[in-house]
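Structural overview
Here is what each chain is made of, one letter per residue.
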Amino acid sequence: MSQSDSQPFDLLLVGGTLIDGSNTPGRRADLGVRGDRIAAIGDLSDAAAHTRVDVSGLVVAPGFIDSHTHDDNYLLRRRDMTPKISQGVTTVVTGNCGISLAPLAHANPPAPLDLLDEGGSYHFARFADYLDALRATPAAVNAACMVGHSTLRAAVMPDLQREATDAEIDAMRALAEEAMASGAIGISTGAFYPPAARATTEEIIEVCRPLSTHGGIYATHMRDEGEHIVAALEETFRIGRELDVPVVISHHKVMGQPNFGRSRETLPLIEAAMARQDVSLDAYPYVAGSTMLKQDRVLLAGRTIITWCKPFPELSGRDLDEVAAERGKSKYDVVPELQPAGAIYFMMDEPDVQRILAFGPTMIG
């Protein structure tokens, strides 16, 4: 240790396996902290410390960044953020899949925007107002916030089941500019979902123009993760090229039994795109996904569990097959009478999940 390192540490973690975030194997090392900074790493067994903790057999790692969350409202409502802190997460990336809590003032936001709503949650007309609320009552984790394209559509368009007009695109772009200027790190899209399904590629590019001037990120729950996944990938790459911005493919997957195994096709396409432009991806390590209950034959092909249901709250936790049988309907036909609702869909193949996780650039969300 240098002369400056000879002072006692406030905290000394001894004997742990250190993971330093540099993509190298863990190594045995001690870690000394002074104030709010790591002051030294190495063999500190002889160093003095006000607090010494033996962490032998444990891993010492930087705080984890949860790269894909929908914690926009949770940051305000549950400031302790125990579900994340307890897992070592110290930063959350919010505003994913085209869904953000701002800029939108709406008493009854359309699905899937209502996934963030706890009644009256959508009251931030400007993105700056939302960020100011986070700063006024800071949560226990850091937040990197994106603005959602579906939220912009809901803020501007009276009818979401159509293409946007030039005037509406201009209005959305102005809201996106305000968000980026206020501190948003990027814009996300979710053309898979009804509020943005009718948005053209050109609409997305024009609304996202502020990304280019502010150095923002384009993250996307792609338009299709099943039969037409290759076309969706190509659309994603094109948007990134047109805007000259980094692209993040959200929770990359191939869903639906007819598409099992197609990660062998998609990963080489992503890797090839990475050689030409700035492309990243994240994934979650399980074969099920959770989102709005949707009348979609691919999603409903496998086991489906209802997570919440506004018309019938007592159905939470029930298997959709059982509910449909009780009502004398098919799983597909029973969905409209249960909406708005959420569901867990078992829609992926374990070998695909393993293959995507083993792909070196994949971030874990």
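Our structure's up above, just so we're on the same page.
In this text, all values refer to a predicted model and were calculated from it rather than measured experimentally. (Residues numbered from 1 in each chain as written. Predicted model: local features only at pLDDT ≥ 70, side-chain atom pairs only at ≥ 80, totals over all residues. Heavy atoms only, no water.)

The next subject is the packing of aromatic side chains. Applying the stated criterion across every chain, the model contains 4 aromatic pairs. On the basis of an interplanar angle of 85 degrees and a centroid distance of 5.1 Å, the ring pair of Phe 192 and Tyr 193 is categorised as edge-to-face. Per residue, the accessibility class of Phe 192 equals that of Tyr 193, and both read buried. Among the aromatic residues, those joined into a ring-pair cluster are Phe 124, Phe 127 and Tyr 130. In this arrangement the basic side chain of Lys 294 is found over the ring face of Phe 192, its NZ or CZ atom lying 3.6 Å from the centre. Against the face of Phe 312 rests Arg 327, its NZ or CZ located 4.3 Å from the ring centre. (Phe/Tyr/Trp six-rings, centres within 6.5 Å; stacked < 30°, edge-to-face > 60°. Buried < 20%, exposed > 50% of the residue type's maximum accessible area, 1.4 Å probe, protein only. Lys NZ or Arg CZ within 6 Å of the ring centre and 35° of its normal.)

The subject of this paragraph is the sheet that holds strand S18 (residues 363-364). What links the strands of a sheet is backbone hydrogen bonding, and the strands pair in either a parallel or an antiparallel sense. The strand order across the open sheet formed by 8 strands is S6-S7-S10-S11-S12-S13-S14-S18, and the pairing between neighbours is parallel. With partners counted over all chains shown, the strands left at the sheet margins are strand S6 (64-66) and S18, one partner each. Taken together, the 3 bridges between strand S13 (residues 247-249) and strand S14 (residues 279-283) define a ladder with parallel strand orientation. By the bridge assignment, Val 248 is partnered in S14 with Ser 280. (Pairing = 2+ DSSP bridges. Helix = DSSP H or I, 4+ residues; strand = E, 2+ residues; numbered from the N terminus.)

A separate point is the nonpolar core. The nonpolar side chains of a soluble globular protein tend to be buried, and buried together. Ranked by internal contacts, the top residues of the largest apolar core, which has 83 residues, are Phe 127, Tyr 130, Ile 249, Leu 293 and Leu 338. The dominant element in this core, judged by the number of residues it contributes, is helix H9 (residues 229-243), at 6 residues. In this structure, Leu 293 is in contact with Leu 300, Thr 304, Leu 320, Val 335, Leu 338, Gln 339, Ala 341, Gly 342, Ala 343 and Tyr 345, ignoring residues within four places of it in sequence. Core analysis: the next-biggest nonpolar cluster, separate from the first, contains 7 residues, Leu 13, Ala 29, Leu 31 and Val 55 among them. (Core = buried A, V, L, I, M, F, W, Y, C linked by side-chain atoms within 4.5 Å. Contact = heavy atoms within 4.5 Å.)

The omega angle of the peptide bond from Ala 102 to Pro 103 is 5 degrees, so this bond is cis rather than trans. Take Pro 103: it is sitting in the loop between strand S7 (89-94) and strand S8 (104-105). One non-glycine residue with positive phi stands out, namely Asp 244, at about 55 degrees. Relative to the helices and strands, Asp 244 is located in the loop between H9 and S13. Take Asp 244: its relative accessible area is 68%, and that puts it in the exposed class.

As a further point, take the environment of Leu 300. Assignment of secondary structure puts Leu 300 in helix H11 (residues 297-300). Here Leu 300 falls in the buried class, since its relative accessible area comes to 5%. The spatial distance from the C-alpha of Leu 300 to the C-alpha of Ala 343 is 9.8 Å, given a sequence separation of 43 residues.

Summarising the sheet, strand S15 (residues 288-292) and strand S17 (residues 341-346) pair through 5 bridges and their orientation is antiparallel. Bridged to Met 292 within S17 is Gly 342. As paired elements, strand S16 (residues 304-309) and S17 share 5 bridges and run antiparallel to each other. From the neighbouring strand, Thr 304 faces S17, where its bridge partner is Tyr 345.

A word on the packing of H9 against helix H10 (residues 263-274). The contact between H9 and H10 brings their axes to 11 Å, and the two run at 15 degrees. In terms of axis orientation, H9 runs roughly parallel to H10. H10 is crossed by H9, and the crossing has right-handed handedness. Here Ile 229, Val 230, Leu 233 and Phe 237 of H9 lie close against H10, whose contacting residues are Glu 265, Thr 266, Leu 269, Ile 270 and Ala 273. Tallied by class, residues from the contact of H9 with H10 come to 7 nonpolar, 1 polar and 1 charged. (Axes fitted to C-alpha atoms, helices over the stretch in contact; angles between N-to-C directions. Parallel < 35°, antiparallel > 145°, perpendicular 65-115°, else oblique. Left-handed = near helix turned anticlockwise from the far one by under 90°. Nonpolar A, V, L, I, M, F, W, Y, C, P; charged D, E, K, R; others polar.)

Once that is clear, we can look at the pattern of salt bridges. Pairs may arise between side chains of opposite charge once their charged atoms sit close together. All chains considered together, the criterion is met by 27 salt bridges. Where Arg 162 meets Asp 159, a salt bridge forms, and the shortest distance between an N and an O atom there is 4.0 Å. Residue class for Arg 162 comes out partly exposed when judged on its relative accessible area of 24%. A relative accessible area of 34% means that Asp 159 is categorised as partly exposed. With a closest N to O distance of 3.6 Å, Lys 331 and Asp 321 form a salt bridge. Of the two residues, Lys 331 sits in helix H13 (residues 331-338) while Asp 321 sits in helix H12 (residues 320-326), which places them 10 residues apart along the sequence. Here Lys 331 falls in the buried class, since its relative accessible area comes to 13%. The exposure class assigned to Asp 321 is partly exposed, which follows from its relative accessible area of 40%. The network of salt bridges with common partners includes Asp 170, Arg 173, Glu 206 and Arg 209. (Salt bridge = Lys/Arg side-chain N within 4 Å of Asp/Glu carboxyl O.)

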